[in-house]
Amino acid sequence: MLAQRTALLKSSGIAAACAAAEAAAANGREIIDLTAGEIWSDLAPTIREGAIAAINRNVSRYTDPIGLMELRQVLARVISAETGQPWSASQVAVTNGAKQALFNVAMAILNPGDEVLIPAPYWTTFPDQTVIAGATPIFIETRHNNFVPRLTDLEAALTSKTKAVVVNTPNNPTGAVYSRETLAGIAQLAIERDFWIIFDECYGAFTHAPHIHHSIVAVAPHARDRTLIVNSFSKSLALAGWRMGYLAGPTAIIKAVKELQSLTTSNPNAIAQHALLHHLASDDPAFRLELQGHISNARALGLSLLSSLTWVPPPRAEGGLFFYLNLSELQFRQSDYGEFIADEVADALLMEAGVATVPGTAFGDPTGIRLAYGIDLELLGRGLQDLAKTLNAWK
Ligand code: PMP
């Protein structure tokens with residue numbers, strides 16, 4: 001009875017890890033949950049004020065399918081500042097989170113049979129949405145190159161069917177931040193071999209010195225007309241549940257996306273749009289800086305605690321909200337665990353340390369494990385101490 005398409009819909013490994021953590025907690029156990037890429041924070045005062053003011057003005061009607069014109073204009077100004085290029089509202093769509101922006105992209109550019117290059121380890125939504133669009137993900141291994149794709153590997157994977165490359169920096173799950181040189185190389189390849197760049201910079205607000213987040217459009221302005229910028233306020237303003245993201249790209253794509261959104265969600269939530277508009281218009285960096293300070297403190301605490309790990313090298317954590325641990329040495333020490341060491345380690349951490357993590361199998365990497373560190377500092381400290389004890393006792 002169900003459409004064949006539904007066979008392609010599998011629940012993500014991240015969702016499975018969250019569910020395992022919830023099940024353990026439901027049994028009365030204290031579980032420190034490092035699974036979700038979210039930041040624990042109060043609302044920005046300007047978001048709260050903007051939302052309440054919109055409610056008090058009785059905001060209740062549909063907006064334009066791709067968002068309020070004023071909001072798109074403000075976003076165009078933000079993107080112009082970030083890329084050093086002029087952008088207009090006609091090149092921006094407000095979306096229900098970056099996830100919808102990415103889905104719109106998949107629907108707007110992919111034909112069945114097309115191929116999309118995806119550096120691995122990867123955030124699962126990238127290949128899953130590619131498959132739903134009838135296209136094929138082509139994974140580019142990055143583990144041997146500090147989690148950054150080698151140009152030669154990308155080049156070797158190109159075929160006449162290559163339609164796009166996914167560039168996610170700072171990266172989920174690996175924490176790698178791509179350099180200017182890497183971005184310039186990818187942009188050049190995309191121009192020479194004529195494919196799209198899907199540029200996901202959702203974690204751009206969290207990049208740790210000396211690493212710097214660069215927009216690929218700022219690095220390679222001549223690649224702009226083949227770049228689709230995807231961004232989100234889920235992380236940068238700790239607003240994950242409000243579903244505010246955007247897509248910026250050529251007008252023809254934004255027009256198609258307008259039709260798509262009008263057919264699927266009509267518009268992003270109006271109150272959330274007004275709140276975001278109020279926040280952006282107030283142009284007060286205080287909340288953003290406070291959040292960045294929190295993440296930077298959490299990272300420093302985490303790196304210091306993880307430095308006590310015996311068999312696991314320090315994670316990169318150049319940007320984003322994640323420590324990504326390489327478990328290869330543990331695997332080597334205990335061959336019983338075989339290929340799927342990450343699943344075994346995640347289970348042991350949940351059962352023995354009461355710490356929930358996401359095994360790398362969720363990201364196409366059976367030897368890694370992801371720890372999200374955007375939580376309360378005291379909990380993070382306790383969780384990582386217990387995690388280190390369990391991993392150091394691994395035999
Ligand atoms: N891109 C990446 C790389 C992500 O990790 C996420 C969230 N986990 C998103 C996009 C989607 O974010 P949202 O839909 O909440 O804006």
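Residues numbered from 1 in each chain as written. Predicted model: local features only at pLDDT ≥ 70, side-chain atom pairs only at ≥ 80, totals over all residues. Heavy atoms only, no water.

Draft legend 1. Highlighting the nonpolar core. If you look at the biggest cluster of nonpolar residues, it comprises 126 residues, and the most contacted ones within it are Leu325 and Leu391. Top element by residues in this core is helix α14 (residues 341–353). It accounts for 7 residues. The residues contacting Leu391, other than those within four sequence positions of it, are Leu309, Trp311, Val312, Leu325, Leu330, Val345 and Leu349. (Core = buried A, V, L, I, M, F, W, Y, C linked by side-chain atoms within 4.5 Å. Buried < 20%, exposed > 50% of the residue type's maximum accessible area, 1.4 Å probe, protein only. Helix = DSSP H or I, 4+ residues; strand = E, 2+ residues; numbered from the N terminus. Contact = heavy atoms within 4.5 Å.)

Draft legend 2. Quick peek at the sheet that holds strand β12 (residues 368–372). On the basis of which strands lie adjacent, the open sheet formed by 3 strands has the order β9-β12-β11 and antiparallel pairing. The open sheet has two free edges, formed respectively by β9 (322–326) and β11 (358–359), since each of these has just one partner strand. As judged from the 5 bridges shared by β9 and β12, these two strands associate in the antiparallel manner. Its bridge partner being in β12, Phe322 is matched across the sheet by Ala372. (Pairing = 2+ DSSP bridges.)

Draft legend 3. Fine view of the pairing of strand β4 (residues 136–141). Pairing between strand β3 (residues 115–120) and β4: 6 bridges, direction parallel. Note that in β4 the partner of Pro119 across the bridge is Ile140. Traced from β3 through helix α5 (residues 125–132) to β4, the parallel crossover comes out right-handed. (Right-handed = clockwise from strand over helix to strand, strands pointing away.)

Draft legend 4. Highlighting helix α1 (residues 13–26). Between its first and last C-alpha, α1 extends 20 Å over 14 residues, near the 20 Å set by a 1.5 Å rise per residue. Summarising the contacts, the buried residues of α1 are in contact with β1 (32–33), α14, β10 (355–356), β11 and β12. Phi turns positive, to about 90 degrees, at Gly28, one or two residues after α1. (Expected span 1.5 Å × (residues − 1).)

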